[in-house]
Amino acid sequence: MAYMGTGRHLVTGDPEPPRPAEDVLRVYGMKFCPFVQRLKLVMHAKDIDHENINCNLKRKPEWLFEKNPRGKVPVLELNGRTIYESDITSRYIDEVYPGNRKLSTADPWRRAEEHMLLGDLDKSISGFYGVALAATDDEKRKEAFDKINSGYASLEKHLEKYGQPFIGGKKPGISDYMFWPFLERMHMLMMYQIQQHAVIMKYYHDMLEDPAVIACRHPDDVHQQFIATYRSGDPVHDIGDVDDTSPVTMCRSSKL
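Please read these numbers as outputs of a predicted model, since none were measured by experiment.

### Digging into the nonpolar core
- In terms of nonpolar packing, the biggest core is built from 65 residues, with Met43, Leu155, Tyr177, Phe179, Leu183, Met186 and Tyr203 touching the most fellow members.
- Tallying contributions element by element places helix α6 (residues 174-195) first for this core, with 11 residues.
- When neighbours within four sequence positions are excluded, Leu183 is seen to be in contact with Tyr152, Ile194, Ile200, Tyr203 and Tyr204.

Below is the structure:
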């Protein structure tokens, strides 16, 4: 959990922390955000130490818009420059930092298939949020579950086609890390839906054993607390381990 960052979430009116030292990577994020988790999974798999600053996404600090005009996280900062969006920052990390291995699939054709698969899995992600937001509308819930199942079917087909446990092959790759944060949340809110798909259920349990997944995962009770406050419309960000001594915390993959 520490790899997601333990600093207090900065809010509107909080001053911008000093820039990181030269050649020090910094992530601006929110520790319960699935898109930030995407980047963190990739960074941990690449064994990258970095600074982290958490931002409250309900009461955003003004300077966040200077880092990203869209006001979203994650933002990756290096030597006074910033890039943003979870897939862009994640692929940048994989391309620039060698780490233990390359996370993107080497074969261009198979890599293209993975990109198409992620498009199908976007249906599952959309369906998941549809279920979460349409709690009492039966017609909308059915439509949302159909989207979830459609994405699951594409993932099952891909895994069975290549006969390997992960989208990326024998080990989780960047495509696995792009989908995992949402499957993790599906587990907490609709495990019964995953249990209806034996291949997806095995995939879920295989992913649970991955070191990056372990390092970037909150205890279920802590995550459930955040989800409950999020659903109320007034999300509480500082739940679980919170370091009040400094807004800048160091995330070290080697010390988890």
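We are not done yet, so read on.
### Focus: the pattern of salt bridges
- For the coordinates displayed, the defined rule picks out 14 salt bridges.
- With its nearest N and O atoms 2.9 Å apart, the salt bridge here joins Lys46 to Asp94. Of the two residues, Lys46 sits in the loop between α1 (34-45) and β2 (50-54) while Asp94 sits in helix α3 (residues 86-96), which places them 48 residues apart along the sequence. An identical accessibility class is assigned to Lys46 and Asp94; each is buried.
- Residues joined by salt bridges that share partners form a network here, namely Glu184, Arg185, Arg217 and Asp220.

### Re the packing of aromatic side chains
- Counted under the stated rule, the structure contains nine aromatic pairs.
- When the centroid spacing of 4.6 Å and the interplanar angle of 5° are considered together, the rings of Phe32 and Phe226 count as stacked. You can see Phe32 sitting in the loop between β1 (26-29) and α1 and its partner Phe226 sitting in helix α9 (residues 220-231), a full 194 residues away along the chain. Residues Phe32 and Phe226 agree in their burial class; the two are buried.
- One aromatic cluster in this structure is built from Phe35, Phe128, Tyr129 and Phe182.
- One cation-aromatic arrangement involves Lys40 over Tyr3; the distance from NZ or CZ to the ring centre is 5.6 Å.

### Quick word on the layout of surface pockets
- Each pocket or cavity is described by its volume, and for the largest pocket that value is around 680 Å³.
- If you go around the largest pocket, you meet 31 residues; those closest to its centre are Cys33, Pro34, Phe35, Tyr129 and Tyr230.
- Of all the secondary structure elements, the ones that give two or more residues to the lining of the largest pocket are α1, α3, α4 (108-133), α6 and α9.
- Broken down by element, the lining of the largest pocket gets its largest block of residues, five residues, from α9.
- Among the residues forming the lining of the largest pocket, the class breakdown is 18 nonpolar, five polar and eight charged.
- Here the second largest pocket defines a volume of roughly 210 Å³.
- For the second largest pocket, the lining is made up of 13 residues, of which Ala45, Asn100, Arg101, Asp210 and Pro211 are closest to its centre.
- Breaking the lining of the second largest pocket down by element, the ones donating at least two residues are α1 and α8 (211-215).
- Looking at the lining of the second largest pocket residue by residue, the class counts come to six nonpolar, three polar and four charged.

### Observations regarding empty space enclosed by the protein
- Scanning the entire structure with this criterion turns up one cavity of 30 Å³ or more.
- Of the pockets and cavities examined, the largest cavity occupies roughly 30 Å³.
- Taken together, Arg91, Ser104, Thr105, Arg111, Glu114, His115, Ile174 and Ser175 make up the lining of the largest cavity.
- For the lining of the largest cavity, the secondary structure elements donating two or more residues are α4 and α6.
- When residues in the lining of the largest cavity are grouped by element, the largest group, three residues, is from α4.
- The residue makeup of the lining of the largest cavity, split by class, is one nonpolar, four polar and three charged.

Rules used in this analysis
Sequence positions are assigned chain by chain, starting from 1 and proceeding in written order. Two thresholds apply to this predicted model, a pLDDT of at least 70 for residue-level local features and 80 or more for giving and counting side-chain atom pairs, whereas whole-chain, interface and lining totals are computed over all residues. By convention in this description, side-chain values take in all heavy atoms of the structure and omit both hydrogens and water. Buried Ala, Val, Leu, Ile, Met, Phe, Trp, Tyr and Cys residues that are joined via side-chain atoms within 4.5 Å together make up what is termed a nonpolar core. Only protein chains enter the accessibility calculation, which uses a 1.4 Å probe; a residue whose area is less than 20% of its type maximum is buried, one above 50% is exposed, and one in between is partly exposed. In DSSP terms, a helix is any run of H or I states spanning at least four residues, a strand is any run of E spanning at least two, and both are numbered starting from the N terminus. By the convention used here, residues are in contact when the closest approach between their heavy atoms is within 4.5 Å. When a carboxyl oxygen of Asp or Glu is within 4 Å of a side-chain nitrogen of Lys or Arg, the pair counts as a salt bridge. A pair of Phe, Tyr and Trp rings is counted when the ring centres sit within 6.5 Å of each other, with Trp represented by its six-membered ring. The angle between the planes then sorts it: under 30 degrees is stacked, over 60 is edge-to-face, the rest tilted. Two thresholds decide whether a charge sits over a ring: the Lys NZ or Arg CZ must be within 6 Å of the ring centre and within 35 degrees of the ring normal. In this analysis a 1.4 Å probe is tested at points of a 1 Å grid over the protein atoms alone, and where it fits but cannot get out there is a cavity; an open set with protein on both sides within 12 Å along at least five of seven lines is a pocket; lining residues have an atom within 4 Å of a point. Grid points are joined across faces, edges and corners, and a volume is the space filled by probe spheres set on the points. The classification used treats Ala, Val, Leu, Ile, Met, Phe, Trp, Tyr, Cys and Pro as nonpolar, Asp, Glu, Lys and Arg as charged, and all other residues, Gly among them, as polar.

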